[in-house]
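Descriptive analysis of the structure
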Amino acid sequence: MGARVVLSLDDAIVSEVELTKPVTVVGRHPGCDIFIDHPAVSGRHMLFRVVGHTVYVEDLASTNGMRVNGITASHQVVHHLDLIEIGRHKLHFFDDELLRGGVGSLESTVQTDYERTMLAQHVADAARAAAPAERDLDLDRTQAIPRDPSVHMGHAQESVRTDQTGRAAQLALKILAGGRPGEVISLNRPNTMIGPAGADTALVIKRGAAYFIARLSGSRPPRLNSKELGPGTHPIGPQDLIDVGGWRFEVIQAAG
């Protein structure tokens, strides 16, 4: 299986690591696969173990332990969009097959600090039939990701987004309320975290020319065009309005 974790501290993404080995160790020791230089993290704090199509997390008798979706855990299976916390650092787990829309039946349990629910089967037949002839092998490859049909899409999502030269449009977020109104946040990285640190947060995911949003943590789910988002990833495009905590963003086409 293809799986990866995004390591973050407060509201900043530190690194993104693909789980290519049977065992990936996380800790403060320089020899760890995912190195975290912080006193709250033990030398070898925890690990990810890949067994077939299943990924487990295991605490390695660390001093401060770990939490999965806000609950203390020592050994358990993790699912797409699960959140693992060690000290102040967060490890966001992604199943690449679900991100690319390669699974026709989404039956994995998605858990957050405030919800325990089964992810609905919401893969449209059209999305399943739209498999590309070739798959790009780098980080930015993508395919249609299933969305909640009740969420209204921005006008630009009804067709392929391109600029005047015919190239795929690059998107950005303009802050409308909650922080620094008028400031523009670039979305040129594979993952961009938005929302106030330590409160409600979401992740904007860039894969190729496509952009998506997923809930990360907090008591209130993000809202897309005034509709509360459920579990999973949801496509976004120009003119969409995103509410995360007390912040509001408009999706715009990036300058240049």
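Residues numbered from 1 in each chain as written. Predicted model: local features only at pLDDT ≥ 70, side-chain atom pairs only at ≥ 80, totals over all residues. Heavy atoms only, no water.

So, on to the sheet that holds strand 5 (residues 46-51). Ordered in space as 4-3-5-6-9, the 5 strands form an open sheet in which the pairing is mixed. The sheet is open, and its two borders are formed by strand 4 (34-35) and strand 9 (75-78), each paired with just one other strand. In the sheet, strand 6 (residues 54-59) pairs with strand 9 via 4 bridges, with the strands oriented antiparallel. Bridge pairing links Val55 to Val78 in strand 9. (Pairing = 2+ DSSP bridges. Helix = DSSP H or I, 4+ residues; strand = E, 2+ residues; numbered from the N terminus.)

The next point concerns the pairing of strand 16 (residues 191-194). Here strand 16 shows a buried face lined by Asn191 and Met193 and a second buried face lined by Thr192 and Ile194. For strand 16 and strand 17 (residues 201-207), the ladder comprises 4 bridges, and the chain directions are antiparallel. Bridging across to strand 17, Thr192 finds its partner in Val204. (Buried < 20%, exposed > 50% of the residue type's maximum accessible area, 1.4 Å probe, protein only.)

Reading across from one edge, 15-14-23-22-19-20 is the order of the 6 strands in this open sheet, with antiparallel pairing throughout. Taken across any chain shown, the strands that pair with only one partner, and hence form the sheet edges, are strand 15 (184-186) and strand 20 (227-228). As defined by bridge partners, strand 22 (residues 241-244) adjoins strand 23 (residues 247-253) across 4 bridges and the pair is classed as antiparallel. Looking at strand 23, one finds that Leu241 is bridged to Glu250.

Once that is clear, we can look at the environment of Arg180. Residue placement: Arg180 occurs in the loop between strand 14 (171-177) and strand 15. Sequence-wise, Arg180 and Trp247 are 67 residues apart; in three dimensions their C-alpha atoms are separated by 9.5 Å. The residues contacting Arg180, other than those within four sequence positions of it, are Ile175 and Trp247. One polar contact links Arg180 to Glu183, side chain to side chain, over a distance of 2.6 Å. (Contact = heavy atoms within 4.5 Å. Polar contact = N/O pair within 3.5 Å; in protein donor to acceptor, adjacent residues only side chain to side chain.)

We now examine the pattern of salt bridges. All chains considered together, the criterion is met by 7 salt bridges. With its nearest N and O atoms 3.4 Å apart, the salt bridge here joins Glu16 to Arg4. Placement of the pair is Glu16 in strand 2 (residues 12-18) and Arg4 in strand 1 (residues 3-9), with a sequence separation of 12 residues. Between Glu85 and Arg67 there is a salt bridge whose closest N-O contact spans 3.2 Å. Taken together, the positions of Glu85 in strand 10 (residues 83-86) and Arg67 in strand 7 (residues 66-68) put the pair 18 residues apart, joining distant regions of the chain. (Salt bridge = Lys/Arg side-chain N within 4 Å of Asp/Glu carboxyl O.)

Before going further, it helps to spend a moment on the pairing of strand 11 (residues 89-95). Counted residue by residue, strand 11 has 7 buried out of 7 residues, so it is predominantly covered. Side chains His89, Leu91, Phe93 and Asp95 project from strand 11 onto one buried face, and the interleaved Lys90, His92 and Phe94 project onto a second face that is buried too. Relative to strand 11, strand 1 is paired through 7 bridges, and the arrangement is antiparallel. Looking at strand 11, one finds that Ser8 is bridged to Lys90.

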